[in-house]
Amino acid sequence: MKLWKSPFFDNALNQFLSTAEVMNLDPNIVERLRQPARALVVSVPVRMDDGGVRSYCGFRVQHSDTLGPCKGGIRYHPDVTLGDAAALAMLMTWKCALMGLPLGGAKGGLQVDPTMLSRAELQRATRRFTIELINMIGPDRDIPAPDLGVNEQVMAWIMDTYSKQVGATRPGVVTGKPITVGGSLYRHEATGRGVVFAVQKAAAVTGMSLGEGTTFALQGFGNVGAIAAKAMAELGCRCIAVTTSRGGVLDRNGFKLESLYACYKEHGCLTPEVTGGDSITNKDLLALDCDVLILAAQANQITGENASQVQCRILAEGANGPVTREADPVLVDKGIFVIPDILANAGGVTVSYFEWVQDLQHFFWDMDEIELRLKKMLSRTFDETLALARKYAVSLRTAALMKGIGRVAQAMLLRGLYP
Ligand code: GLU
């Protein structure tokens, strides 16, 4: 088990084990699911623009393919570890199962800072990484998607490299592609809009009205955070603070989102000199008095140490694993409505599933159809999870995990153990 050692994996594993206990899960099932099914560790040599060669460590971890081909993003970050990828792969298994998708869970990582590479270097790194993973991925094996530090262009390069190897265009090998090469409408917006849709559901349950007078704070201004902010603003809510990895800005009167987007686009960070307001650290953002707090950055942000300072009424986990196991009960005791990651950010993988289906059928749906189907699935899953939480008097996170794990366990028992 040492192989997967990382704080993130420990958190995911303990979460699984304690849920398994609540569910009274068959110990043989626990034994299999407590670690990934397989993992590949590769070294990715890249010719740099200056002629030299640099090697980056990469991996792909497949946690389970019981329900279907593995599914999950690829993350480019200098600090991503094998343990992190294993934790994220496990979460993907539960997330896909919770949403009722015919997919298993996987995650990949490349230890590189994409902002330090030129476009040509990023392309060479991506193509070589794809070749190293070639026997593991494929439309009916394992379908990567974007995660932290990765965008649509990277997905297009993976698709192209894979397709060149097999000798035919295979858009279904990855999701989150640009529309022109087989991407799906709404995939880009799906995670952020899904987060806000979950916030709307939570607000209805808690009797909070979302609109003028509702304040929200946001950690992370990447794809998920920026789109979630837009969707919240469309509901009339007031954005009072946003931080990125380099800190951020606070204005209790609310920001005009256009100024934040413009500042981030131009400077890669948010500074009060450009956006107005005051500066705020990530730590202080988490403790802000606000109605809705959206976490859309890294894991392990709210821990046993700072959980008691959190003051929001609804907390939505747009990122994977932003709240640790120690923090969870503290937030629940404070009466904060926590929408767990595998529910809050499941819009992303759900539209990835739609993209994959469209690619396999070479038949593309319009925006209305995708949005309608997504909302139906998210709404149904939210309601069923809430009902389960109430039935067993457990948190929404435990209920979501119970539902996801339960579905995988059921399929494992039906398929049986080979040989
Ligand atoms: N990386 C995203 C997640 O954590 C999306 C995965 C996918 O679309 O396959 O859910």
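Look a little higher up for the structure.
Report follows, based on the coordinates. (Residues numbered from 1 in each chain as written. Predicted model: local features only at pLDDT ≥ 70, side-chain atom pairs only at ≥ 80, totals over all residues. Heavy atoms only, no water.)

### What about the site of the ligand?
Here is step 1: Taken together, 14 residues form the shell around the ligand, and within it K71, K95, K107, D147 and S352 come nearest.
Here is step 2: The separation between a nitrogen atom of the ligand and a polar side-chain atom of D147 is 2.8 Å.
Here is step 3: Within the side chain of N320, one N or O atom sits 3.0 Å away from an oxygen atom of the ligand.
Here is step 4: Against a free-state accessible area of 290 Å², the protein chains account for coverage of 93% of the ligand. (Near = heavy atom within 4 Å. Polar contact = N/O pair within 3.5 Å; in protein donor to acceptor, adjacent residues only side chain to side chain. Areas by Shrake-Rupley, 256 points an atom, 1.4 Å probe, with all protein chains shown as cover.)

### Looking at the nonpolar core
Side chains that are nonpolar tend, in soluble globular proteins, to be buried together.
Here is step 1: Counting 74 residues, the largest nonpolar core has F16, W94, L260 and I339 as the members making the most contacts within it.
Here is step 2: With 11 residues, the top contributor of residues to this core is helix α3 (residues 82-98).
Here is step 3: Counting 25 residues, the second largest nonpolar core, distinct from the first, contains L122, A125, I137 and V150. (Core = buried A, V, L, I, M, F, W, Y, C linked by side-chain atoms within 4.5 Å. Buried < 20%, exposed > 50% of the residue type's maximum accessible area, 1.4 Å probe, protein only. Helix = DSSP H or I, 4+ residues; strand = E, 2+ residues; numbered from the N terminus.)

### Considerations on the sheet that holds strand β2 (residues 53-64)
Here is step 1: With mixed pairing, five strands are arranged side by side in an open sheet as β1-β2-β4-β3-β5. Strands at the two margins of the open sheet, each flanked by one partner only, are β1 (38-47) and β5 (142-146). Within this sheet the neighbouring strands show an average axis-to-axis angle of 20 degrees, counted without direction.
Here is step 2: Note that β2 and strand β4 (residues 104-110) share six bridges and pair antiparallel. Opposite F59, over in β4, you have G109 as the bridge partner. (Pairing = 2+ DSSP bridges. Axes fitted to C-alpha atoms, helices over the stretch in contact; angles between N-to-C directions.)

### Section: the pairing of strand β6 (residues 215-219)
For a regular strand, side-chain orientation follows a simple rule: the groups alternate between the two sheet faces.
Here is step 1: A large share of β6 lies buried, amounting to five of its five residues.
Here is step 2: Examined bridge by bridge, β6 and strand β7 (residues 238-244) share five bridges and lie parallel to one another. Among the inter-strand pairings, A217 is bridged to a residue of β7, identified as A241.
Here is step 3: For the crossover from β6 across helix α7 (residues 223-234) to β7, the handedness is right-handed. (Right-handed = clockwise from strand over helix to strand, strands pointing away.)

### Points about the sheet that holds β6
Here is step 1: The strand order β9-β8-β7-β6-β10-β11-β12 describes an open sheet built from seven strands, whose pairing is mixed. Taken across any chain shown, the strands that pair with only one partner, and hence form the sheet edges, are β9 (278-280) and β12 (337-339). Pairs of neighbouring strands in the sheet enclose a mean axial angle of 20 degrees, with direction left out of account.
Here is step 2: Of the strands in this sheet, β6 and β10 (292-295) are in contact with α7, which crosses β6 at around 175 degrees. (Contact = heavy atoms within 4.5 Å.)

### Remarks on the packing of helix α14 (residues 367-392) against helix α15 (residues 396-415)
Here is step 1: At their nearest, the axes of α14 and α15 sit 8 Å apart, and the two run at 110 degrees to each other. Overall, the two elements α14 and α15 adopt an arrangement that is roughly perpendicular. Read as a crossing pair, α14 and α15 show a hand that is right-handed. Across the interface between the two elements, T381, F382, E384, T385, L386, L388, A389 and Y392 of α14 pack against L396, A399, A400, M402 and K403 of α15.
Here is step 2: Its residues assigned to classes, the contact of α14 with α15 comprises nine nonpolar, two polar and two charged. (Parallel < 35°, antiparallel > 145°, perpendicular 65-115°, else oblique. Left-handed = near helix turned anticlockwise from the far one by under 90°. Nonpolar A, V, L, I, M, F, W, Y, C, P; charged D, E, K, R; others polar.)

### A few points about the pattern of salt bridges
Here is step 1: Counted by the stated rule, this structure contains 19 salt bridges.
Here is step 2: Between R38 and D65 there is a salt bridge, and its shortest N-O distance comes to 3.9 Å. Taken as a pair, R38 in strand β1 and D65 in the loop between β2 and β3 (70-76) lie far apart in primary sequence, 27 residues in all.
Here is step 3: On the basis of relative accessible area, R38 is assigned to the partly exposed category, the value being 40%.
Here is step 4: D291 is paired through a salt bridge with R313; the nearest N and O atoms lie 3.3 Å apart. Here D291 is found in the loop between α10 (282-286) and β10, whereas its partner R313 is found in the loop between β10 and β11 (314-317), with 22 residues between them in sequence. (Salt bridge = Lys/Arg side-chain N within 4 Å of Asp/Glu carboxyl O.)

### Points about the environment of S259
Here is step 1: One can find S259 in helix α8 (residues 257-267).
Here is step 2: In terms of polar contacts, S259 uses its side chain to reach the backbone carbonyl oxygen of K256, at 2.9 Å.

### Topic: unusual backbone geometry
Here is step 1: Residue Y418 is joined to P419 through a cis peptide bond whose omega torsion reads 5 degrees.
Here is step 2: Phi is positive for N24, which is not a glycine, with a value near 60 degrees.
Here is step 3: The residue N24 is located in the loop between α1 (7-23) and α2 (27-33) in this model.

### Structural notes on the packing of aromatic side chains
Here is step 1: Inspection of the entire model under this criterion finds seven aromatic pairs.
Here is step 2: On the basis of an interplanar angle of 25 degrees and a centroid distance of 5.2 Å, the ring pair of F16 and W94 is categorised as stacked. One end of the pair, F16, is in helix α1; the other, W94, is in helix α3, and 78 residues separate them in sequence. As far as the burial class goes, F16 and W94 line up, both buried.
Here is step 3: Ring plane angle 50 degrees and centroid distance 6.0 Å describe the contact between Y353 and F354, whose orientation is recorded as tilted.
Here is step 4: By relative accessible area, F354 is classed as buried at 2%.
Here is step 5: Aromatic rings pair up to connect Y353, F354, W356 and W365 into one cluster.
Here is step 6: Lying across the ring of W365, R373 places its NZ or CZ 4.5 Å from the centre. (Phe/Tyr/Trp six-rings, centres within 6.5 Å; stacked < 30°, edge-to-face > 60°. Lys NZ or Arg CZ within 6 Å of the ring centre and 35° of its normal.)

### Description of the packing of helix α4 (residues 119-132) against helix α5 (residues 152-166)
Here is step 1: At a minimum axis distance of 9 Å, the contact between α4 and α5 shows a crossing angle of 45 degrees. Here α4 is positioned oblique relative to α5, judged by the angle of their axes. For the element pair α4 and α5, the recorded crossing hand is right-handed. Of the residues in α5, those touching α4 at R119, L122, Q123, T126, R127, T130 and I131 are Q153, V154, W157, I158, D160, T161, Y162 and Q165.
Here is step 2: Its residues assigned to classes, the contact of α4 with α5 shows six nonpolar, six polar and three charged.

From the geometry alone we can't say anything about function, so treat these as descriptive.
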